[in-house]
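Coordinate analysis (summary)
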Amino acid sequence: MSFKVAFIGAGSIGFTRGLLADILTVPEFHDIEIAFTDINPDNLRMVTELCQRDIEENGLSIKIHSTLDRREAFRDAKYVINCVRIGMLEAFATDVEIPLKYGVDQCVGDTLCIGGIMYGQRGIHAMLDFCKDIREVAAPGCILLNYSNPNAMVTWACNKYGKVETYGLCHGVQHGHEQIAKALGREKKDVDIICAGLNHQTWYISVKTDGVERTGELYELMKQAEFAENENIRLDVMKNFGFYSTESNGHLSEYLSWYRKRPEDMEKWINFSSWIQGETAGYLRVCKESRNWFETDFPNWLKEPAKKFIPENRSTEHGSYIIEGLETGRVYRGHFNVMNNGTITNLPDECVVEVPCYVDYNGVSIPSVGDLPLGCAAICSQSVWVQKLAVEAAVHADINLLRQAAMMDPLTGAVCTPDEIIQMVDEMLVAGDAWLPQYKEEIALAKKRLENKTVPCRFAKGFTLKEKTVEEMAEEKAKYRALASAAAKENV
C-alpha cells in the first residue's frame with residue numbers, strides 16, 4: 001500500500017516515535033510515505049534522526065520527509081496526526097500559575113477548568129489554520145487524527161468550523177479498562193466494556209464478563225483493592241453517581257466543583273505522592289523535567305537498540321488501528337471522540353462525545369449509545385456548555401463568551417466570583433498575547449483595565465513538588481527516560 005501520513009507537532013518524542021512504530025508494525029504499511037513537521041527545528045531534527053534510525057534498523061526503505069513547512073508536509077497526505085501544544089510550556093505555565101493567584105488550584109489544566117479553556121483559545125485558532133491547509137493541499141477526504149488537548153473542544157472546532165473529518169483520540173478508556181479487569185481478577189481481553197461520555201469524563205456504563213453484567217459489583221471490589229488509596233476521588237464519584245470514570249484522581253479533581261475548592265479539602269482528597277494524584281501544577285512540572293531530560297539525554301537514545309516494529313510492541317493508542325481498519329478492512333473497535341449527532345441521546349447533538357466506534361473499509365461506524373445514566377449526563381451536560389462557550393469564544397474572539405465559559409466551569413465557578421473571573425481572564429489574555437492573535441483588540445483593552453485593578457488576588461495554598469535538575473534526574477535515569485518518552489504532546 002502507498003499513501004501518506006503527516007505528523008504535525010512531530011517534535012513530540014513520546015507520541016511521534018510511538019505512533020510511527022505502531023503504524024509501521026502493520027505489514028501492508030512498509031512502503032507508505034511519512035512527513036514530519038514542527039516549528040521547533042531542534043526537536044524536529046532530533047526526533048527525525050531517532051525515527052529514521054528505527055526505520056532503517058527494521059529493514060525498511062522509507063525516508064522521512066522532515067520540514068518546517070507544514071503545507072509541504074500536508075501535501076497529498078491521506079492522514080494527518082496532530083500532537084501540538086500551542087505556546088509551548090511558557091504558555092502552559094500561564095494556564096496554571098495565574099489562576100493560582102485567584103484561588104483556582106489545578107493539577108493539569110489542559111481539558112476543562114480555566115486552564116483548559118485558555119489552552120483551547122490558543123489551540124483552536126491554530127487548528128483552524130491547519131484545517132485550511134489540509135483542505136487546500138492534502139488528499140481529498142484527508143482525515144485528521146487529533147491527540148491535542150483540550151481534545152473535545154479542538155475536535156469540535158475542527159469538525160464544525162475547520163470542515164475536516166476529525167477524530168479525537170485518547171488513551172484514558174484503555175487505562176481504566178485495565179484497572180477494572182484487575183479488580184475483577186480477569187484478563188483485559190475477557191472484560192467487555194461500553195464507555196460513554198465526554199473526553200476525560202467518560203463513564204464505564206457497562207462492564208461484562210462471560211456475558212454477565214458486573215457494573216454493580218465494581219465499587220465494592222475496587223474500594224478494597226489498591227485503588228482505594230490512589231483513586232479515592234474516582235471511587236467517591238462512583239459511590240455517589242454509580243459509575244467509574246476514565247480519569248485519574250488529579251485530572252478528575254479539577255473537572256468537578258467539590259475536591260479542590262478549599263485547601264483543607266485538598267488535604268483530604270489529594271494524594272501528593274505524584275503529579276497524577278493531584279499535585280498543584282504537577283503536569284507542568286513533569287513536562288519541564290521531561291523536556292530538559294530529553295534534550296540532555298538524546299545522544300544516548302541513538303546509542304541504544306532501535307524500536308522493533310513487531311506486534312507485541314504495538315501500543316494501545318487508537319491511531320494506527322484506525323488507519324489499519326480503513327486501509328485493510330480489518331475491523332477495529334475503540335472509543336473515539338466524535339460529533340454526537342444523537343449517539344448519546346441526553347446530551348446535545350452538536351457536542352463531541354467519546355463513545356464506542358467500529359472501523360473497517362466502510363469508514364468509522366458509530367453505534368447509538370442511548371441515554372447516559374442521569375447523574376453522569378448531568379455532570380457531562382455542565383461540561384458540554386463550558387466547552388461550547390469556549391469553542392465559540394475562540395472562533396469568534398468573543399470575550400463575553402470566554403468569561404461566561406470560565407464562570408460556568410465547575411471548579412472556577414466554585415472558587416471565584418464573577419469580578420475575579422473577569423480580571424483573571426484579562427490577565428491570562430495579556431499573558432497569552434503572542435499566541436492569541438484573534439484577541440488582539442480585546443487584549444489591548446484588557447491591558448488598560450489591568451492598569452486599575454479593582455479585585456484583590458487571594459493566592460491558593462497549592463502544593464508543588466520541587467522541579468528536579470538534570471543532575472538529580474540522572475540519578476534515576478531509567479525513570480526519567482520513561483517519562484520523557486511518554487511526554488504527551490509536543491511543545492510548539
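Residues numbered from 1 in each chain as written. Predicted model: local features only at pLDDT ≥ 70, side-chain atom pairs only at ≥ 80, totals over all residues. Heavy atoms only, no water.

Attention shifts here to the nonpolar core. Grouped together as the largest cluster of nonpolar side chains are 132 residues, with contacts concentrated most on Val5, Phe7 and Phe36. Residues within four places of Val5 in sequence aside, it is in contact with Ile23, Ile32, Glu33, Ile34, Ala35, Tyr79, Ile81 and Ile323. Grouped together as the second largest cluster of nonpolar side chains are 16 residues, Leu184, Val191, Met222 and Met238 included. (Core = buried A, V, L, I, M, F, W, Y, C linked by side-chain atoms within 4.5 Å. Buried < 20%, exposed > 50% of the residue type's maximum accessible area, 1.4 Å probe, protein only. Contact = heavy atoms within 4.5 Å.)

With the rule as written, the count across this model stands at twelve aromatic pairs. Arranged with centres 4.9 Å apart and planes meeting at 85°, the rings of Phe15 and Tyr147 form a pair that is edge-to-face. Of this pair, Phe15 sits in helix 1 (residues 13-24) while Tyr147 is found in the loop between strand 5 (143-146) and helix 6 (151-160), placing the two residues 132 residues apart along the sequence. In this pair, the class of Phe15 matches that of Tyr147, namely buried. Measuring from centroid to centroid gives 5.8 Å for Phe241 and Trp258, while their planes differ by 15°, and the two rings are stacked. You can see Phe241 sitting in helix 10 (residues 232-241) and its partner Trp258 sitting in the loop between helix 11 (249-255) and helix 12 (263-269), a full 17 residues away along the chain. According to the relative accessible area criterion, Phe241 is partly exposed, its value standing at 26%. Look at Trp258 and you get partly exposed, because its relative accessible area is 35%. Clustering of aromatic rings is evident, with ring pairs tying together Phe241, Trp258, Tyr259 and Trp269. (Phe/Tyr/Trp six-rings, centres within 6.5 Å; stacked < 30°, edge-to-face > 60°. Helix = DSSP H or I, 4+ residues; strand = E, 2+ residues; numbered from the N terminus.)

Turning our attention to the packing of helix 15 (residues 374-396) against helix 16 (residues 399-408). Running from N to C, helix 15 and helix 16 cross one another at 160°; their axes reach a closest spacing of 8 Å. Overall, the two elements helix 15 and helix 16 adopt an arrangement that is roughly antiparallel. The chirality of how helix 15 crosses helix 16 is left-handed. Within the contact between the two elements, helix 15 uses Gln382, Val386, Leu389, Ala390, Glu392 and Ala393 and helix 16 uses Leu401, Leu402, Gln404, Ala405 and Met408. Tallied by class, residues from the contact of helix 15 with helix 16 come to eight nonpolar, two polar and one charged. (Axes fitted to C-alpha atoms, helices over the stretch in contact; angles between N-to-C directions. Parallel < 35°, antiparallel > 145°, perpendicular 65-115°, else oblique. Left-handed = near helix turned anticlockwise from the far one by under 90°. Nonpolar A, V, L, I, M, F, W, Y, C, P; charged D, E, K, R; others polar.)

In terms of burial, strand 1 (residues 4-8) is a largely internal element, five of the five residues being buried. In terms of strand pairing, strand 1 meets strand 2 (residues 33-37) through five bridges, oriented parallel. Across the sheet, residue Lys4 finds its bridge partner in strand 2, namely Glu33. In this fold, strand 1 hands off to helix 1, which returns the chain to strand 2; that crossover is right-handed. Pairing between strand 1 and strand 4 (residues 79-82): four bridges, direction parallel. The residue of strand 4 that forms the bridge with Ala6 is Val80. (Pairing = 2+ DSSP bridges. Right-handed = clockwise from strand over helix to strand, strands pointing away.)

Before going further, it helps to spend a moment on the confidence of the model for the chain. When pLDDT is averaged along the chain, the result is 92; 94% of the residues meet or exceed 70. Overall, residues 488-492 carries pLDDT values under 50, and its contacts beyond four positions in sequence, including any with other chains, amount to 31 contacts. (pLDDT = per-residue confidence, 0-100.)

Below, the discussion takes up the pattern of salt bridges. Evaluated as defined, the whole model comprises 33 salt bridges. Arg45 is the partner of Glu49 in a salt bridge, and the nearest nitrogen-oxygen pair spans 3.7 Å. With Glu49 and Arg45 both in helix 2 (residues 41-57) and four residues apart, the pair spans about one turn of that helix. Each of the salt bridges in this network shares a partner with another, and the network as a whole consists of Arg70, Arg71, Lys132, Asp133 and Glu136. (Salt bridge = Lys/Arg side-chain N within 4 Å of Asp/Glu carboxyl O.)

Here we take up helix 19 (residues 440-450). Within the span of helix 19, buried status applies to Ile443, Ala446 and Leu450. All buried residues of helix 19 project into a common sector of 60° when viewed along the axis, lining one side. Every exposed residue of helix 19 that faces more than 90 degrees away from the buried side is listed here: Glu441 and Lys448. Here the buried face of helix 19 lies against helix 18 (418-431). (Arc of directions from axis to C-beta.)

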